[in-house]
Amino acid sequence: MAKLASPLCAAPSVSQKRIVQAEALGWLAEHPAPPGASVITSLPDVSELPELGFEGWQTWFVEAARAVLRWVPEPGLCIFFQSDIREGGRWVDKGYLVQRAADVEGRVLLWHKVICRRPPGSISHGRASYSHLLCFAHAPRPNVSHPGPDVLADAGYKPWSKAMGVEACRLACRFLREESDTTLVVDPFCGHGTVLVVANHYGFEALGIERSTRKAKAARRLVLNVDEPRNG
Ligand SMILES: C[S@@+](CC[C@H](N)C(=O)[O-])C[C@H]1O[C@@H](n2cnc3c(N)ncnc32)[C@H](O)[C@@H]1O
C-alpha cells in the first residue's frame, strides 16, 4: 500500500529569502511591517549617494534611520551596522547619527557593540578601523540573558567591500533568536544580501530591499557557508 504523506513526517521547513528591487523608503511606506518582523541593516554611505552631497546625505541618513525605526513593529528590534568615515577633514560618527534618529523616534538603545574591521592598534587614514553595531527596541529590556560580546575582533567574511561581515551578521541573528520572537528579518538596504543568508541559517524568513538591479540579482544568487567557526 502506498504511504500517505503525514504532516508529522513532513520534511523540515526551510527558511526562504525574498529580494525586492525597489527604493527602500518608498517600499517601507507602502508596506506595513508584518508581526514578527525585525530589521538588521546597514544604511548607505555618502560614497554610495554622491548625488546628495555631504550635507544632503547626512540629512537623508538620519531621516532614513528614523523611517526604518518607525517601521519595525513592537516588540521587534532594529539593528544597524555602520562604519564611521572621515569626510572633508572631519570625523563622521554614524553611530551618533543613528542614535539621533532613535532619540527622535523614542526608541531605546539595548546595546552598542564594536566590530573591528582591522586589528586593534592599526593606524587607519580612511574609514574607521571599527564598525558600530547598535540594537534598538521600543522599550527597555531589563532581563537580557544572552547579550553576546561587546567587541568582536573580526567582522568575518565579506562577499563585497560594503558588506556586513558574516560574524557580525551572526552576532545580530543570534541575539534575535535568543532574545526576541522575531520570525522575519528584513534588510531594507540589502546590497548583496549577506544578512539574509545568515538570517535563513538561523531559521528566520528573510526579506531584502535593494535599489540596484545588479545588487538585487547578486543578493538572489548569494550562497554562503555560515557554519560555526571551529573555535567559535
Ligand atoms: C552598505 S550597503 C548594504 C550592505 C549589505 N548589508 C550587505 O551586507 O551586503 C547599502 C546598500 O543600499 C543600497 N541603496 C542605496 N540607496 C538605496 C535606496 N534608497 N533604497 C534601496 N537600496 C538603496 C545600495 O545600492 C547598497 O547596496
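For the structure, check the block above.
Keep in mind the model is a prediction, meaning the values are calculated, not measured.

Caption draft 1: Examining helix 4 (residues 166-179) more closely. For helix 4, built from 14 residues, the straight-helix expectation of 20 Å at 1.5 Å per residue is met to within 8% by its first-to-last C-alpha distance of 20 Å. Counting buried positions over the 14 residues of helix 4 gives 10, a clear majority of the element. Turning to helix 4, its buried residues are V166, A168, C169, R170, L171, A172, C173, F175, L176 and E179.

Caption draft 2: Fine view of the site of the ligand. What surrounds the ligand is a group of 22 residues, the closest being E23, A24, W160, T194 and E210. Within the contact set of the ligand, a nitrogen atom lies 2.8 Å away from a side-chain nitrogen or oxygen of E23. D187 places a polar side-chain atom, nitrogen or oxygen, 3.3 Å from a nitrogen atom of the ligand. Against a free-state accessible area of 610 Å², the protein chains account for coverage of 97% of the ligand. Classifying every residue of the shell around the ligand gives 10 nonpolar, 5 polar and 7 charged.

Caption draft 3: Quick look at the sheet that holds strand 10 (residues 205-210). With mixed pairing, the 8 strands of this open sheet are ordered in space as 1-10-9-2-3-7-6-8. The sheet terminates laterally at strand 1 (17-21) and strand 8 (151-152), the two strands that pair on one side only. By the bridge criterion, 3 bridges tie strand 2 (residues 37-41) to strand 9 (residues 184-187) in an arrangement that is parallel. Paired with A37 across the strands is L184, a residue of strand 9. Sitting on the sheet, helix 3 (residues 94-105) is in contact with strand 3 (78-83), strand 6 (108-116) and strand 7 (130-137), with an inclination near 15° to strand 7. On top of the sheet, helix 6 (residues 213-221) reaches strand 1 and strand 10; it is set at about 175° to strand 1, its chief contact.

Caption draft 4: Representation of the packing of helix 4 against helix 5 (residues 194-201) within the structure. Contact geometry for helix 4 and helix 5: axes closest at 9 Å, N-to-C directions at 50°. Judged by the angle between their axes, helix 4 and helix 5 are oblique. Viewed along their axes, helix 4 and helix 5 form a crossing whose handedness is right-handed. Residues V166, C169, R170 and C173 of helix 4 touch helix 5, and the partners they reach there are T194, V195, V198 and A199. For the contact of helix 4 with helix 5, the residue count by class is 6 nonpolar, 1 polar and 1 charged.

Caption draft 5: Geometry of unusual backbone geometry. The omega angle of the peptide bond from E74 to P75 is 5°, so this bond is cis rather than trans. In this structure, P75 sits in the loop between helix 2 (53-71) and strand 3.

Caption draft 6: Layout of the pattern of salt bridges. Tallying each qualifying case throughout the model produces 8 salt bridges. Residue D45 pairs with K94 through a salt bridge whose shortest N-O separation is 2.7 Å. One end of the pair, D45, is in the loop between strand 2 and helix 2; the other, K94, is in helix 3, with 49 residues separating them in the sequence. Each member of the pair D45 and K94 is classed as buried. Of the charged contacts, one joins E167 and R170 as a salt bridge, the two residues approaching to 3.1 Å between their closest N and O atoms. With E167 and R170 both in helix 4 and 3 residues apart, this pair spans about one turn of that helix.

Parameters and conventions
- Residues numbered from 1 in each chain as written.
- Predicted model: local features only at pLDDT ≥ 70, side-chain atom pairs only at ≥ 80, totals over all residues.
- Heavy atoms only, no water.
- Helix = DSSP H or I, 4+ residues; strand = E, 2+ residues; numbered from the N terminus.
- Expected span 1.5 Å × (residues − 1).
- Buried < 20%, exposed > 50% of the residue type's maximum accessible area, 1.4 Å probe, protein only.
- Near = heavy atom within 4 Å.
- Polar contact = N/O pair within 3.5 Å; in protein donor to acceptor, adjacent residues only side chain to side chain.
- Areas by Shrake-Rupley, 256 points an atom, 1.4 Å probe, with all protein chains shown as cover.
- Nonpolar A, V, L, I, M, F, W, Y, C, P; charged D, E, K, R; others polar.
- Pairing = 2+ DSSP bridges.
- Contact = heavy atoms within 4.5 Å.
- Axes fitted to C-alpha atoms, helices over the stretch in contact; angles between N-to-C directions.
- Parallel < 35°, antiparallel > 145°, perpendicular 65-115°, else oblique.
- Left-handed = near helix turned anticlockwise from the far one by under 90°.
- Salt bridge = Lys/Arg side-chain N within 4 Å of Asp/Glu carboxyl O.

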